[in-house]
Amino acid sequence: MKQKQTLFNYVYQNLKEQILSGRLQHGEKLPSMSRLCEFYHVGIRTVKDVLLRLKEEGYIQTEERKAAVVIYRQAGTDAAVRFVLERKTSILAVHQTIAVLVPPILSFCAQHYSKKDLDSMFRRHMNTKKQSPEEKGRICVNCIYEMMDHSENLLLRDLFASLEIYARMPFFQNYEHFVELVLKYNEFHSIEWVLEAFAANEPAEIVSRFRLLFQSVVPAVGQFMEELSEQCVNIPEDPVYGYRWAADCGRGHYYMQITRDLIDKIGTGRYKEGTFLPPEAQLASQYGVCVATMRNALSMLNELGFGQTMNAKGTRVILQNDDSAAQCLRNKAFQRDTLVYLSGLQLMAIAIKPAAVMAFDRMKEEGTQYIQDRLGDPEFILLDGLVRCVVRNLELDPLKMILKETGNLLHWGYYFSFFNEGMSGTDLLTLKSLKAYEKLKHGSAEEFGEHMSLCFCHILDFVRDHMVKFGLSKAARLISPKESLEEG
C-alpha cells in the first residue's frame, strides 16, 4: 500500500500541471468553483484553498463572483523543448496508449446517450470548418471530456486528463511543421468526419475513426521529436520523468486503505470467518502505523460488517450480511468508495481487452505454463493470475501502469465476500476465467481479450446489482460495457 496524497494536493497538482502543460492557457477561464467541486469530487473549502495557493504562486487571478483566469505565461521555447525531449520516449508511449485505449472508452461512453442526444452533442461541436487546426483539436478534446463526464465513471476524466497533459499536445500544435506532419500521416479525413461517428451512434465506427485519428498523430509526434533531438543534441532523456497516474484520485484516509486490505484478506480466506485478527499492536506494526490509526481501521471494518471487536478478546472476523451491507451504505465515504470500485471494474473491463490483445503473443507460452503450474493452488485466483500475466508481458509502459493502478482498486476479497463459501462459491466467475484461459491456449488474441473483458463485466454486474439492492441507487448508472466491447 502507498501513502495517499491529500485531496488538496491532488487538486492543486492537477490544476497546476494543466497550466504548466498549456492545457489551460494564458487568459483562459477556469471552471467555476462548483464545477471544480464536481470534477474532483471535493468540497468547496478544498477548492477555495487550491485557488488561493495558485493565486499566491502567480498562476491565476481571481475576482469576487468571477471565474478565475490563468495569468501564467509558459516559459520560453528552449525550456519547453527541453521538457519534451527529457521525456521523449514516454511522451510517444503515452500517445500510443491514447490510440489504443481512448477509442474503446469513447465507444463505451456513447452507450449513455440516446441517438438524439448524441446527434445534438455532435452538432454543438461540429462548427470547426473555419477553425485553426489547434482549435479543432481543442474542440475534439472538449467533446471527449463531455462524453467521459456523462458516463458517470469516477475515473475516466482523471485518466484522460493525465494522458492528455503528459502528451503535451499544446506544445506540438504550436509548431506549423508538426501540423504538416499530422496531415502527412492523415488517414482520418477531418475532425468533422471523426466526430460524425457519434451522430451515427455506431460503436465500431467510433472506435475505428478515433483510432485512425490518434494513430495519425503518433508518427507525427515521433518524427517531430526526432527532428528536435537532432537540433538539440545535448538534451538527454531522463527515465525519472516517466508517465504516472494515481487511480485513487487522492481519495480517503490511510486507515481506509488498511480496512480495504483487511477485507481483501477476509474475502480471499486469509482470515477465516469466526477466527480473530492479530492483536492491534501486531497489526499496527505490520502496516507501519500507530495504534490509533489501526483502531480507526478496525472500527471501519466493524461498521462495514466484516468484523466484531470485543473487549479483551480482539476483533472476530465475520462476513457481511444483507443487513450490515445496507447499513454500511449509509456511510457517505463508503458510498463513494463503492462507486470508485465499480468505476474501476468498468475501466478494467474496457482496458483489459486491448491490453490482452497486445500481450497475447508474448504471454502465450510463458503465461500458459505459469497458470498451469498454479491451478492446483486453492488460494490462486485464475483471473488475477491472467491479469498479472497480461501486465507482465505488455511493452507499452503507460498502459501497464493504468492496469496496475486500476487493479489496485479492485480488491478480490470484496467480491468473494458475497459468497458464504468464499472463493469456492464463485463458480460462474471461475468458468468465465477458464474460458479466457482456454482462449489463451487455443484461441486468437481477440477472443482472449474479449473473454478477459467479459470476466470483469460479470463482476461489475454482480456487485453493482447487490449495491442497488442494498440502496445505492447511483450504482445503477455504472452500466456494463459488454455492447461496446463486442462492437469494438
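Everything quoted here is computed from the prediction, not taken from an experiment. (Residues numbered from 1 in each chain as written. Predicted model: local features only at pLDDT ≥ 70, side-chain atom pairs only at ≥ 80, totals over all residues. Heavy atoms only, no water.)

S.K.: Requested: an account of the overall build of the protein chain, with residues and values cited.
M.R.: Looking only at helices and strands, the protein chain features 23 helices and four strands. Dimensions of the protein chain, computed from C-alpha atoms along their principal axes, come out at roughly 70 × 60 × 50 Å. In the protein chain, which comprises 488 residues, the proportion classed as buried is 53%. As displayed, the protein chain has an accessible area near 22600 Å², and 49% of this comes from carbon and sulfur atoms. On the protein chain, the mean spot of the 58 positive side-chain charges and the mean spot of the 61 negative ones are 5 Å from each other. (Helix = DSSP H or I, 4+ residues; strand = E, 2+ residues; numbered from the N terminus. Buried < 20%, exposed > 50% of the residue type's maximum accessible area, 1.4 Å probe, protein only. Areas by Shrake-Rupley, 256 points an atom, 1.4 Å probe, with all protein chains shown as cover. Lys, Arg positive; Asp, Glu negative; His and termini not counted. Charge placed at Lys NZ, Arg CZ, Asp CG, Glu CD.)

S.K.: If you had to explain unusual backbone geometry to someone new, which residues and values would you point to?
M.R.: Residue Glu152 is not a glycine yet carries a positive backbone phi of 75°. One can find Glu152 in the loop between α7 (133–150) and α8 (156–167). Judged by relative accessible area, which is 34%, Glu152 ranks as partly exposed. The phi dihedral of Arg168 is positive, around 60°, even though this residue is not glycine. When you line up the elements, Arg168 lands in the loop between α8 and α9 (169–173). Relative accessible area serves as the criterion here: at 6%, Arg168 is assigned to the buried category.

S.K.: Go over the nonpolar core, please, and point to the residues and values.
M.R.: Ranked by internal contacts, the top residues of the largest apolar core, which has 148 residues, are Phe210, Val390 and Phe456. A per-element tally of this core places helix α17 (residues 332–374) first, with 18 residues. Excluding anything up to four places from it in sequence, Val390 contacts Ile352, Ala355, Ala356, Ala359, Met363, Leu403, Phe448 and Met452. (Core = buried A, V, L, I, M, F, W, Y, C linked by side-chain atoms within 4.5 Å. Contact = heavy atoms within 4.5 Å.)

S.K.: How would you sum up a nonpolar patch on the surface? Please name residues and give values.
M.R.: There is a patch of nonpolar side chains on the surface, built from Leu375, Leu428, Leu431 and Leu434 and spanning about 330 Å² of accessible area. Following the sequence through the fold, Leu375 ends up in the loop between α17 and α18 (382–392). For Leu375, a relative accessible area of 35% gives the class partly exposed. (Patch = residues over 30% accessible without salt bridge, like charges linked within 9 Å, V, L, I, M, F, W, Y side chains within 5 Å. Salt bridge = Lys/Arg side-chain N within 4 Å of Asp/Glu carboxyl O.)

S.K.: Summarise the pattern of salt bridges; cite the residues concerned and give the values.
M.R.: Per the counting criterion, the structure on display carries 22 salt bridges. Asp261 is the salt-bridge partner of Lys265, the closest N and O atoms lying 2.5 Å from each other. Placement of the pair is Lys265 and Asp261 together in helix α13 (residues 254–267), with a separation of four residues, close to one helical turn. A salt bridge links Glu395 to Arg362; the shortest N-O distance between them is 3.8 Å. On the criterion of sequence distance, the pair formed by Glu395 in the loop between α18 and α19 (397–409) and Arg362 in helix α17 is long-range, its members being 33 residues apart. A single salt-bridge network, built from bridges that share partners, covers Arg35, Asp149 and Arg157.

S.K.: Go over the packing of aromatic side chains with me, naming the residues and quoting the values.
M.R.: Under the counting rule described, the total for this entry stands at 14 aromatic pairs. When the centroid spacing of 5.9 Å and the interplanar angle of 5° are considered together, the rings of Phe8 and Tyr12 count as stacked. Here the residue Phe8 and the residue Tyr12 both occupy positions in helix α1 (residues 7–21), the gap between them amounting to four residues, near one helical turn. Accessibility expressed as a relative area gives 5% for Tyr12, which makes it buried. Three or more aromatic residues joined by ring pairs form one cluster here, namely Phe171, Phe172, Tyr175, Phe178 and Phe224. Cation over ring: Arg53 sits above Tyr12, and NZ or CZ is 5.3 Å from the ring centre. The ring of Phe83 carries Arg87 above its face, with NZ or CZ at 3.6 Å from the centroid. (Phe/Tyr/Trp six-rings, centres within 6.5 Å; stacked < 30°, edge-to-face > 60°. Lys NZ or Arg CZ within 6 Å of the ring centre and 35° of its normal.)

S.K.: Can you explain the pairing of strand β3 (residues 307–310)? Please cite residues and give values.
M.R.: As defined by bridge partners, β3 adjoins strand β4 (residues 314–317) across four bridges and the pair is classed as antiparallel. Note that in β4 the partner of Gln308 across the bridge is Arg316. What sits between β3 and β4 in their antiparallel hairpin is a turn of three residues, with Ala312 showing a positive phi close to 70°. (Pairing = 2+ DSSP bridges.)

S.K.: Give a detailed account of the environment of Ile258, specifying residues and quantitative values.
M.R.: Along the chain, Ile258 turns up in helix α13. Judged by relative accessible area, which is 0%, Ile258 ranks as buried. Through-space distance from the C-alpha of Ile258 to that of Asp248 is 14 Å; in sequence the pair is ten residues apart.

S.K.: Describe the side chain of His458, and please don't skip the residues or the numbers.
M.R.: Relative to the helices and strands, His458 resides in helix α22 (residues 445–469). Leave out the neighbours within four places in its chain, and His458 touches Tyr415, Leu428, Leu429 and Lys432.

S.K.: Report on α1, specifying residues and quantitative values.
M.R.: Taking 1.5 Å as the rise per residue, α1 with 15 residues should run 21 Å; its terminal C-alpha atoms sit 21 Å apart, in good agreement. Of all the residues in α1, the buried ones are Tyr10, Val11, Tyr12, Asn14, Leu15, Lys16, Gln18, Ile19 and Ser21. (Expected span 1.5 Å × (residues − 1).)

S.K.: Got a sec to walk through the environment of Leu85? Specific residues and values, please.
M.R.: Among the structural elements, Leu85 can be located in helix α4 (residues 77–85). The class for Leu85 is buried, based on a relative accessible area of 2%. As a C-alpha pair, Leu85 and Pro236 span 151 residues in sequence and 7.1 Å in three-dimensional space. Not counting chain neighbours up to four residues away, the residues in contact with Leu85 comprise Met225, Leu228, Ser229, Cys232, Ile235, Pro236 and Glu237.

S.K.: Explain the side chain of Glu86 to me, using residue names and the numbers behind them.
M.R.: As for its position among the elements, Glu86 is in the loop between α4 and α5 (88–109). If near-sequence neighbours (up to four positions away) are discounted, Glu86 is found in contact with Ile235, Pro236, Glu237, Asp238 and Tyr241.

S.K.: Could you give an account of the environment of Lys184, naming the residues involved and the relevant values?
M.R.: Summarising the element assignment, Lys184 is placed in helix α10 (residues 176–184). Judged by relative accessible area, which is 55%, Lys184 ranks as exposed. Put simply, Lys184 and Ser216 are 32 residues apart on the chain and 8.5 Å apart in space, counted from C-alpha to C-alpha.

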